[in-house]
Amino acid sequence: MFRKLIDKLNSLSTEGSEAFDPSTLNDPVAMKTEWSPLEKGGSNFCTRKLVRVSPQRYEFRATVGAIAFYSIFFFIGVGVSFFSISQFLSSGRIFSAEVLFLGVFGLIFTSAGVLLFYFGTKRVVFDMQHGCFWKGKIPDDELIYATANELLMPFKEIHSIQLISEHLSDSDSSYYSYEMNLVSKDGVRTNVIDHGNLEKIREDASTLSEFLDVPVWDGI
């Protein structure tokens, strides 16, 4: 539900792009793997940067630009909410059209900022000690017996790193957002990141390819 709200806030619609031919990879797993976007929507700038925390751990963290973008929504919402409250205090009429409109507008933007910040700064971890990739907060005991799903994938199940693109448009512009997924030996995909900097996502995929000792399937 929250993901759909974020997509609505970005006012994006997807358009078809030239399909990648997985047969060129000469890998049977590639043939049973989906090549359409796993995560709908995206951005036209780099929202995540790969950080080497230790020799055994990499994390994707939110970029300064992404945090600034999320903060804009939040502070606009808070500002409008305070203005709405001041209007109510001065007029004494909570049900006036102006106060209600400003209140709803402020609430929407504040909520959007909170949701964008929550999802945009969620932990994205590659940890050799646990032998697992995961997103968010997952207890250590769950990582021990984990199987590939939408939030995590044990290193022993990772077959490759998949890169694909998605064409997006709004009322003012159109652009591509680039998606990095992990593919299991059974063709199950787990999303890692999705942003608009092609050079950076390819560079990060190459770094993780060496770290995980798996190939990169570049379907962009």
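Everything below is about the structure printed above this text.
Residues numbered from 1 in each chain as written. Predicted model: local features only at pLDDT ≥ 70, side-chain atom pairs only at ≥ 80, totals over all residues. Heavy atoms only, no water.

**A short note on the pairing of strand 7 (residues 158-169)**
Next up, step 1: Summarising burial for strand 7: eleven of the twelve residues are buried, a large majority.
Next up, step 2: With eleven bridges joining them, strand 7 and strand 8 (residues 174-184) adopt antiparallel strand pairing. Within strand 8, the position partnered with Ile161 by the bridge is Leu182.
Next up, step 3: Sheet topology note: the strand 7/strand 10 (residues 216-218) ladder contains three bridges and is parallel. In the sheet register, Leu163 faces strand 10, and the bridge partner there is Asp218. (Buried < 20%, exposed > 50% of the residue type's maximum accessible area, 1.4 Å probe, protein only. Helix = DSSP H or I, 4+ residues; strand = E, 2+ residues; numbered from the N terminus. Pairing = 2+ DSSP bridges.)

**Describing the sheet that holds strand 2 (residues 48-54)**
Next up, step 1: Read across the sheet, five strands follow the order 2-3-4-5-6 without closing on themselves; strand pairing throughout is antiparallel. On the outer flanks of this sheet lie strand 2 and strand 6 (152-154), each paired with one strand and no other. Averaged over all pairs of adjacent strands, the angle between strand axes in this sheet comes to 15°, irrespective of strand direction.
Next up, step 2: As defined by bridge partners, strand 2 adjoins strand 3 (residues 57-62) across six bridges and the pair is classed as antiparallel. Residue pairing across strands places Ser54 opposite Arg57, the latter belonging to strand 3.
Next up, step 3: Sitting on the sheet, helix 6 (residues 198-212) touches strand 2, strand 3 and strand 4 (124-127), and the angle it makes with strand 3 is about 155°. (Axes fitted to C-alpha atoms, helices over the stretch in contact; angles between N-to-C directions. Contact = heavy atoms within 4.5 Å.)

**Quick word on a nonpolar patch on the surface**
Next up, step 1: Judged by side-chain polarity, Ile72, Ile76 and Phe105 come together as a nonpolar surface patch covering roughly 240 Å² of accessible area.
Next up, step 2: Its place among the elements puts Phe105 in helix 4 (residues 97-120). (Patch = residues over 30% accessible without salt bridge, like charges linked within 9 Å, V, L, I, M, F, W, Y side chains within 5 Å. Areas by Shrake-Rupley, 256 points an atom, 1.4 Å probe, with all protein chains shown as cover. Salt bridge = Lys/Arg side-chain N within 4 Å of Asp/Glu carboxyl O.)

**Comments concerning the side chain of Arg189**
Next up, step 1: Note that Arg189 resides in strand 9 (residues 189-195).
Next up, step 2: Buried and without a salt bridge, Arg189 has Glu179 as its closest oppositely charged side chain, separated by 4.5 Å.
Next up, step 3: A distance of 3.1 Å separates a polar side-chain atom of Arg189 from the backbone oxygen of Glu34.
Next up, step 4: A polar atom in the side chain of Arg189 sits 3.1 Å from the side chain of Gln162.
Next up, step 5: Leave out the neighbours within four places in its chain, and Arg189 touches Thr33, Glu34, Trp35, Ser36, Pro37, Leu38, Gln162, Ile164, Asn181, Leu182 and Val183. (Lys, Arg positive; Asp, Glu negative; His and termini not counted. Polar contact = N/O pair within 3.5 Å; in protein donor to acceptor, adjacent residues only side chain to side chain.)

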